[in-house]
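Fold and geometry: a report
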Amino acid sequence: MEYKTIRVNWVRKICYIQLYRPEDNNTISSEMIEEILQVLQQCEKEANIIVIEGTPEIFCFGADFKEVLSGERDDKCAEKLYMLWKKIAAGPYISIAHVKGKVNAGGIGFVAACDIAIADHTATFSLSELLFGLYPACVLPFLIRRIGYQKAHYFTIMTQPVDVKKAYEWGIVDAYDERDDDLLRRHLLRLERLPKSGICDYKTYICQVNNNFIEAEENATKANQAMFTKQQNIQWIKQFVELGKFPWQ
């Protein structure tokens with residue numbers, strides 16, 4: 001099947017999903033969400049492992065601000081994005097984020113939702129939302145699940161990028177190496193031994209043990225929708241998109 005915002009490749013029971021909007025820093029558009037949801041529906045039946053990747057310099061830079069300003073953003077975008085991350089977190093497959101380069105804002109949501117996150121030595125991670133009067137409402141339930149409340153809170157309010165070493169110390173990534181492709185290969189060699197039935201049973205159980213991200217869904221999506229309707233926030237986004245200036249400049 002042809003996709004406009006992603007590339008999909010199957011190797012045995014492994015589905016590789018590459019976020020591919022290089023001209024827009026792999027930002028998350030309504031179309032990208034819909035396309036990944038389509039692939040995940042197939043993965044529920046046919047995949048034991050999914051690997052989510054970006055391009056060599058940028059994994060994902062968050063929401064597509066151009067789409068926000070154009071008025072073309074799906075009214076249900078927040079709900080669909082949360083559903084997407086929930087499927088990555090709770091679906092009947094092992095999900096792996098394979099990160100190279102920059103990860104920002106909603107890109108962190110993909111990483112935090114995955115069962116395993118591995119990275120190369122160039123990877124950097126940031127939550128920039130508060131610079132624009134926004135906050136990572138949909139990201140935080142998954143990030144808190146991964147690294148804990150205070151680390152996620154500090155990461156959010158500081159808005160500063162952290163390098164891969166710090167990300168590893170905090171638990172944003174589980175492993176990193178300059179030879180990240182080999183690191184991924186070693187993980188896959190082990191994970192391919194797991195039967196689909198065992199993966200399904202375990203994922204169901206572990207999401208019952210830690211289900212805060214499921215309980216937070218309604219509040220998170222409502223908060224996301226509300227912040228993107230505030231005129232001051234929209235004005236700051238417009239200034240950044242059109243002039244490259246931050247709100248304080």
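Structure: see above.
Figured I'd write up the structure that's included with this text. (Residues numbered from 1 in each chain as written. Predicted model: local features only at pLDDT ≥ 70, side-chain atom pairs only at ≥ 80, totals over all residues. Heavy atoms only, no water.)

Turning to the layout of surface pockets, a few remarks are in order. By volume, the largest pocket amounts to about 620 Å³. Phe 61, Gly 62, Ala 63, Asp 64 and Phe 65 are, among the 37 residues lining the largest pocket, the residues nearest its centre. Sorting the residues of the lining of the largest pocket by element identifies helix 2 (65-70), helix 3 (77-90), helix 11 (217-227) and helix 12 (231-243) as the ones contributing at least two each. Within the lining of the largest pocket, the residues separate by chemical class into 23 nonpolar, seven polar and seven charged. (1 Å grid on protein atoms, 1.4 Å probe; cavity = no way out; pocket = protein on both sides within 12 Å on 5 of 7 lines; lining within 4 Å. Points joined across faces, edges and corners; volume = space filled by probe spheres on them. Helix = DSSP H or I, 4+ residues; strand = E, 2+ residues; numbered from the N terminus. Nonpolar A, V, L, I, M, F, W, Y, C, P; charged D, E, K, R; others polar.)

On to the sheet that holds strand 6 (residues 102-104). For sheets, the rule is that strands pair by backbone hydrogen bonds, running either parallel or antiparallel. The sheet built from four strands is open, its strands ordered 4-6-8-9 with mixed pairing. Each end of this open sheet is capped by a strand with a single partner; those strands are strand 4 (58-60) and strand 9 (162-163). Judged from the two bridges that link them, strand 4 and strand 6 form a sheet pairing that is parallel. Across the sheet, residue Ile 58 finds its bridge partner in strand 6, namely Lys 102. Sitting on the sheet, helix 4 (residues 106-113) is in contact with strand 4, strand 6 and strand 8 (124-126), with an inclination near 100° to strand 6. (Pairing = 2+ DSSP bridges. Contact = heavy atoms within 4.5 Å. Axes fitted to C-alpha atoms, helices over the stretch in contact; angles between N-to-C directions.)

Turning our attention to helix 12. Here helix 12 spans 18 Å end to end across 13 residues, near enough to the 18 Å set by a 1.5 Å rise per residue. Those residues of helix 12 lying buried are Asn 233, Ile 234 and Ile 237. Along the long axis of helix 12, the arc covered by the buried residues comes to 95°, so they all point the same way. The outward face of helix 12, more than 90 degrees from its buried face, is lined by the exposed residues Gln 231, Glu 242 and Leu 243. Gly 244, located one to two residues past helix 12, shows a positive phi value of around 70°. (Expected span 1.5 Å × (residues − 1). Buried < 20%, exposed > 50% of the residue type's maximum accessible area, 1.4 Å probe, protein only. Arc of directions from axis to C-beta.)

Turning our attention to helix 9 (residues 196-209). For helix 9, which comprises 14 residues, the first-to-last C-alpha distance of 20 Å matches the rise-based estimate of 20 Å (1.5 Å per residue) to within 8%. Listed in full, the buried residues belonging to helix 9 are Ile 199, Lys 203 and Cys 207. For helix 9, the arc enclosing every buried residue in end-on projection is 50°, short of the 170-degree limit, so these residues lie on one face. Pointing more than 90 degrees away from the buried face of helix 9 are the exposed residues Ser 197, Asp 201, Tyr 205, Gln 208 and Val 209. Looking at the packing, one finds that the buried side of helix 9 touches helix 3, strand 5 (94-99), helix 5 (140-147) and helix 10 (212-215).

One pass over the full model with this rule turns up 12 aromatic pairs. For the ring pair Phe 132 and Phe 246, a centre distance of 5.8 Å and an interplane angle of 40° mean the geometry is tilted. A residue pair is termed long-range when its members are at least 10 positions apart, and Phe 132 in the loop between strand 8 and helix 5 and Phe 246 in the segment after helix 12 qualify at 114 residues. Judged by its relative accessible area of 4%, Phe 132 is buried. Cluster of aromatic residues (ring-pair linked, three or more members): Phe 65, Phe 132, Phe 240, Phe 246 and Trp 248. We note Arg 7 situated over the ring of Tyr 20; from NZ or CZ to the ring centre the distance is 3.6 Å. Its end group placed over the ring of Phe 228, Arg 73 keeps NZ or CZ at 4.4 Å from the ring centre. (Phe/Tyr/Trp six-rings, centres within 6.5 Å; stacked < 30°, edge-to-face > 60°. Lys NZ or Arg CZ within 6 Å of the ring centre and 35° of its normal.)

Time to look at the pattern of salt bridges. Following the criterion strictly, the structure yields 17 salt bridges and no others. Close ionic contact of Glu 217 with Lys 86 constitutes a salt bridge, the shortest N to O distance being 2.7 Å. Taken as a pair, Glu 217 in helix 11 and Lys 86 in helix 3 lie far apart in primary sequence, 131 residues in all. One salt bridge connects Lys 100 with Asp 180, and the closest N-O pair in it is separated by 2.5 Å. Linking Lys 100 in the loop between strand 5 and strand 6 with Asp 180 in helix 8 (residues 180-191), this pair joins segments that are 80 residues apart in sequence. According to the relative accessible area criterion, Asp 180 is buried, its value standing at 4%. (Salt bridge = Lys/Arg side-chain N within 4 Å of Asp/Glu carboxyl O.)

Secondary-structure assignment places Thr 204 in helix 9. When its relative accessible area of 47% is taken as the criterion, Thr 204 is described as partly exposed. Through-space distance from the C-alpha of Thr 204 to that of Glu 44 is 13 Å; in sequence the pair is 160 residues apart. Among the polar contacts made by the side chain of Thr 204, one reaches the main-chain carbonyl oxygen of Cys 200 at a distance of 2.9 Å. (Polar contact = N/O pair within 3.5 Å; in protein donor to acceptor, adjacent residues only side chain to side chain.)

Looking at Phe 246, the relative accessible area reads 24%, which means it is partly exposed. Between the alpha carbons of Phe 246 and Trp 236 there is a distance of 7.1 Å; along the sequence they are 10 residues apart. The contacts of Phe 246, once residues within four sequence positions are left out, are Leu 131, Phe 132, Gln 239 and Phe 240.

Interpretation in functional terms is not warranted from these geometric data alone.
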